[in-house]
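What follows is each chain in one-letter form.
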Amino acid sequence: FFTPPRHPGVHLLETVSPALTPLPSTPLQDIRNTVGNIPMEWYQDFPHIGYNLEGKKIYKPIRNKDELDMFLEKMENPDYWRTVQDKMTGADIKLTDEQVDLVHRLQKGQFGDVHFNPYEPAVDFFTHEVMIHPVTNRPADKRSFIPSLIEKEKVSKLVHAIKMGWIKPRKPKDDTPTYYDLWAHEDPNSILGRHKMHVPAPKMKLPGHEESYNPPPEYLLSEEEKLAWEQQEPAERKLNFVPQQYRCLRAVPAYSRFIHERFERCLDLYLCPRQRKMRVNVDPEDLIPKLPKPRDLQPFPTTQALVYRGHTSLVRCLSISPSGQWLVSGSDDCTVRFWEVCTARCMKTLPVGGVVKSVAWNPNPTICLVAICVEQSVLLVNPCLGDKLLYGATDQLLESYVAPEEERVQPVQWVTATMEEHSKGVRLVVQHSKAVKQVTWHGKGDYFASVVSDNSNMQVLIHQTSKRWSQNPFRKSKGLVQCVLFHPIRPYFFVATQRYVRVYNLLKQELTKKLMTNCKWVSSMAIHPGGDNIICGSYDSKLAWFDLDLSTRPYQLLRHHKKALRSVAFHKHYPLFASGSDDGTVIVCHGMVYNDLLQNPLLVPVKVLKGHTMTLDLGVLDVLFHPTQPWVFSSGADGTVRLYT
Amino acid sequence: TRRLCILKGIYPHEPKHKKKVNKGSTAARTFYLLKDIKFLLHEPIVNKFREYKVFVRKLRKAYGKSEWSTVDRLKDNKPSYKLDHIVKERYPTFVDALRDLDDALSMCFLFSTFPRTGKCHVQTIQLCRRLAVEFLNYVIASRSLRKVFLSIKGIYYQAEVLGQPVTWITPYTFAHDHPTDVDYRVMATFTEFYTTLLGFVNFRLYHSLNLLYPPKIDGQADVELKPAEGKEYAMDSESYLEKLSALSASLARVVAPTHEDEVEMDEFPVEGETAEQMDVRKKEQEALEKHKKLFEGLRFFLNREVPREPLAFIIRCFGGQVSWDKSLCIGATYDVSDPSITHQIVDRPRVEQQVVGRYYLQPQWVFDSVNAKLCLPVADYFPGVLLPPHLSPFVTEQEGDYVPPEKLKLLAMQRGENPDEESEEEEEDEEEEEDENDKEEEEEEDESEKEEEMKLKKMEEQKTQSNKALPVKVTAGKLRLEDKQRLEQEQQSEEKRLAIMMMKKREKYLYKKIMFGKKRKVREANKLAAKRKAHDTAVKEEKKKSKKARRA
């Protein structure tokens, strides 16, 4: 069966399985492996396996069968099952019948050689029967018959030692611990220093009624409570068990979590950080600051006295005549209404062609003039109310204007009202380039400032009525201006941007102070008639009180309102200020400013006034004090103006 | 180190500046004081632990090589260590040890109920049992038990040992289903320390009462206890512990007790204490003495379905005599048929053969009586009767807390009033009235309408007359008065509101927190009260219904 190699010189090793070596049909086709006994993976990625005698590559037979070909071959080739691939050459070999038989035999665990008989009869070299003659015939040693002297010596030594009491039998160990009076000598000096630091573990909580096996019925959980208990995290539960009721003691089962609880306690004892915590034992009443009673701080408005109805949309702004007799309100319904304060009668309705953002009555009592912001223009209106002499004089004053010879370049246009407008009361129109959002008068009544919603340096303009002359005080824009204010006495000008209030000196034309409001977005600003204190309301529901002499930070930040503040106001004579907010309330506070510089202002909230209904999430839009009485007006998003006295 | 931490009582600390210690992170970590760790290093027991480790290694090796003689030798020389010095170090004074006794007792009682196989060493369990029994015997001898409570978790006891309240809990006597998520090694380490502590405490306590420490049963009692049949019940050493744990015999004293050696307490007037305070103290003392002798002269018999050990313990603590069926446990002193028995504790719906001259009561009576410090009326606790709720004696209601009505009743009873009868009478009266009303209602339904009309007419007439006679004056005056009060209240509340507005941020936060807590408390109390009310009305209606049904 073994075929000798045709080219013995080429074969490096003869270990190639002879049974599986293909039989080369011709010497030319002898492509037996020439690489030797090496791992065949080394040639895995090459097209050849080894080299022939000439040093040429021996190529592997081309195997480009895909799965389909394989399958077809499997189906069609009857010898497929006996075809194996020779790893050495990469060629397919068909096994002969003998080879297949050999494989079968080996698989069954039989011998490879067919002729090998594993069950040949055994041949005994020695008989299993007992023979009369021994195999060896050596006589036994003498020493196996006499006792050992060495052992005897050893034993006698031990016996002697035992007799002498040198060796004692092992005492059974006594495991039971012995106790004695450990604290017999309590020496206070021996207490370690660490015991002073020691935090004893808190004792376990003692059980309440609900843990009883037969608790009062109110401690048992209802169905919903039980469900809620089950859904809670075990750590969040208030009780770590469900209260249960048993009719008698015999019915009480074992508590399944007993060992758990003891174990958790053990863990707490050695793993829980301990810390001494001072318990705040404060009477909550003591925390409330002692303030003077509001009763002692009277007068202040307490009740709603009048409601001025007429507007059909939100009333954005209010202003009052210096005499306190007339009230003007501007609204989103594109009208301005003039009211008599005492009777709540609407004296006049002035339709203007747009939403009224701001109104301001001239603070000079000798002039009867109202500035109204409507879209891009400021209207100067003579309401023709009150003393005829007075408003007549105002008209004369306005008409006495003589235009200067040379035309000056102005940022705005001053236009005299047409006849139609004149009959309604409008006297002058100051036309801006952008929408105007606020107008405010100087205390003397000649100058007024307007704020334009714009990003440029043209945001704030100061106008002089008598000369019909406007100017832009700022060269640079310092942010979005929210509102502006004239100092009542000194030539100061306050400009509130989103987060800061800047104070300018108009005479020196310089910045004197910059106040940090600590608010996100300032909405409104008011100045104390004394001129040294400012309050700022902000949209993040804070009210900041500044003492200009004290610092540039707020003296006090009041968080009384729950929603954004829309407007704040000071009273002219009484130490009162008010703030109106989106939560629909007006809070009147007592704000006493002392002449003594050392004494800080005293701020006490005295009254929360409610009345406005919430519309569109807006409450109070403007608040205003009566110039002489301790009365406060508020205008709201519900289209009403209310007077509290 | 864990074992060392447990034994030495080292615990982590919460650092003052968590970020500083934790290298800037705020993740939760446990911090030990450096001092503590250094302190652990000096502990001599560390070396013993090392020796033990080596021993275990050697033993394992010997086992592996199956060198049995070596195994025997090693086992004989097993290293052991003592925790005495640690106990002394952790509790420099005896009072310190007593303060920390709660956990030790609870743990020992738990371990003593473990099965003798499996979870931990048998010796530990036996030692725990022994110490627990010793402690119980001490409490009996000193009569220091104060409160007991049957909870669903187990039985709570509170004793006053040398002025320190010691509370422990024992599980109900059932086999434990041992949880898998519990590390028994931790518990075993704790128990190791606790047994040492408890042993020394017991020794000291026994000596403070002049009792022999490895406790001996009193000579006379011992004779009584000898089983009459003459055959030994078990091995002597074991039966001794069992006899002891029967808790029915008094203990031998070192010095024979002189009869009634109650020394009258001398009165030392403490400075700055008024006569009134003295009086109060004296009264308290008297009440305490009375409480200690609550069951004096009563003879109890425990039926076999009743948990024997807790009840025997409690009854003996208050001077009662107790016995049980001979086949139940060793140490029974008298039989069921003893005519001198006054109370038999029974936990079955009914008792067949009742002996005249004794009360058959449910076990809750004993517990409630102890907590109430007086023998409660027995009528509520007869077998088969729906028991009154069992209240926790550990709750002391403060102002504004919810107090269950049973507690109110109890308090009244303690004050010496007897509201029970009254209220019952009232209830009966009410019921009767209601019944009458029911009857009347049915009859009078038609009539009542007419009557009401008549009444209304009359009223109107009267009104008009009075109006004519006396103009508006009276009513107006009254109204104004009410208004004034209300106005004042409103004004005050408004002032408070305004003042709260002016509070500083931090104070406001604190104030709001306190107020929130208070409100929650009130809410919870109200909820409980409402629940109780609903329950009571439901019960009443049911009663009514059943009554009606019976009548029908």
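Given the structure is predicted, the values throughout are model-derived calculations rather than measurements. (Residues numbered from 1 in each chain as written. Chains lettered and ligands numbered in written order. Predicted model: local features only at pLDDT ≥ 70, side-chain atom pairs only at ≥ 80, totals over all residues. Heavy atoms only, no water.)

**Brief notes about the pairing of strand 1 (residues 48–51) of chain A**
- Alignment of strand 1 of chain A against strand 2 (residues 57–59) of chain A, held across 2 bridges, turns out to be antiparallel. Across the sheet, His48(A) pairs through a bridge with Tyr59(A), a residue of strand 2 of chain A. (Pairing = 2+ DSSP bridges. Helix = DSSP H or I, 4+ residues; strand = E, 2+ residues; numbered from the N terminus.)

**What to know about the side chain of His560(A)**
- Tracing the sequence through the fold places His560(A) in the loop between strand 26 (556–558) and strand 27 (565–570).
- Setting aside residues no more than four positions away along its own chain, His560(A) makes contact with Ile587(A), Cys589(A), Pro605(A), Met501(B) and Met502(B). (Contact = heavy atoms within 4.5 Å.)

**Concerning the interface of chain A and chain B**
- Counting residues at the interface gives 88 residues for chain A, matched by 118 residues for chain B.
- Taking both sides of the interface into account, the surface hidden between chain A and chain B amounts to around 8,900 Å²; carbon and sulfur atoms contribute 63%.
- Taken as a group, Tyr179(A), Trp183(A) and Tyr270(A) account for 10% of the area that chain A buries against chain B, more than any other trio of residues on that side.
- Where chain A meets chain B, there are 9 salt bridges.
- Taking the shortest distance from any N to any O, the salt bridge between Arg262(A) and Asp103(B) comes out at 3.2 Å. (Buried area = accessible area lost by both parts, 1.4 Å probe. Salt bridge = Lys/Arg side-chain N within 4 Å of Asp/Glu carboxyl O.)

**Side note on the sheet that holds strand 3 (residues 164–170) of chain B**
Residues and elements named next belong to chain B.
- If you trace the 3 strands from one edge of the open sheet to the other, you get 1-2-3, paired in antiparallel fashion. Two strands close off the open sheet at either side, each with one partner strand: strand 1 (145–150) and strand 3. Taking the axes of each pair of neighbouring strands and ignoring which way they run, one obtains an average angle of 15 degrees across the sheet.
- Pairing between strand 2 (residues 155–161) and strand 3: 7 bridges, direction antiparallel. (Axes fitted to C-alpha atoms, helices over the stretch in contact; angles between N-to-C directions.)

**Some details on the confidence of the model for chain A**
Residue and element names in this part refer to chain A.
- Here chain A averages 81 in pLDDT, while 94% of its residues score no lower than 70.
- Of all helices and strands in chain A, the one with the weakest mean pLDDT is helix 7 (residues 284–287) (73), whereas helix 3 (residues 149–164) scores best (94).
- Low pLDDT, under 50, characterises residues 1–29; the stretch is placed with 30 contacts to residues that sit more than four places away or in other chains. (pLDDT = per-residue confidence, 0-100.)

**Points about the sheet that holds strand 8 (residues 335–340) of chain A**
Residues and elements named next belong to chain A.
- Pairing in this open sheet of 4 strands is antiparallel, and the strands run 6-7-8-9 from one edge to the other. The open sheet has two free edges, formed respectively by strand 6 (315–320) and strand 9 (345–351), since each of these has just one partner strand. Ignoring which end each strand starts from, the neighbouring axes of this sheet average 20 degrees apart.
- Of the pairings in the sheet, the one linking strand 7 (residues 326–331) to strand 8 comprises 5 bridges and is antiparallel in character. The residue of strand 8 that forms the bridge with serine 329 is arginine 337.

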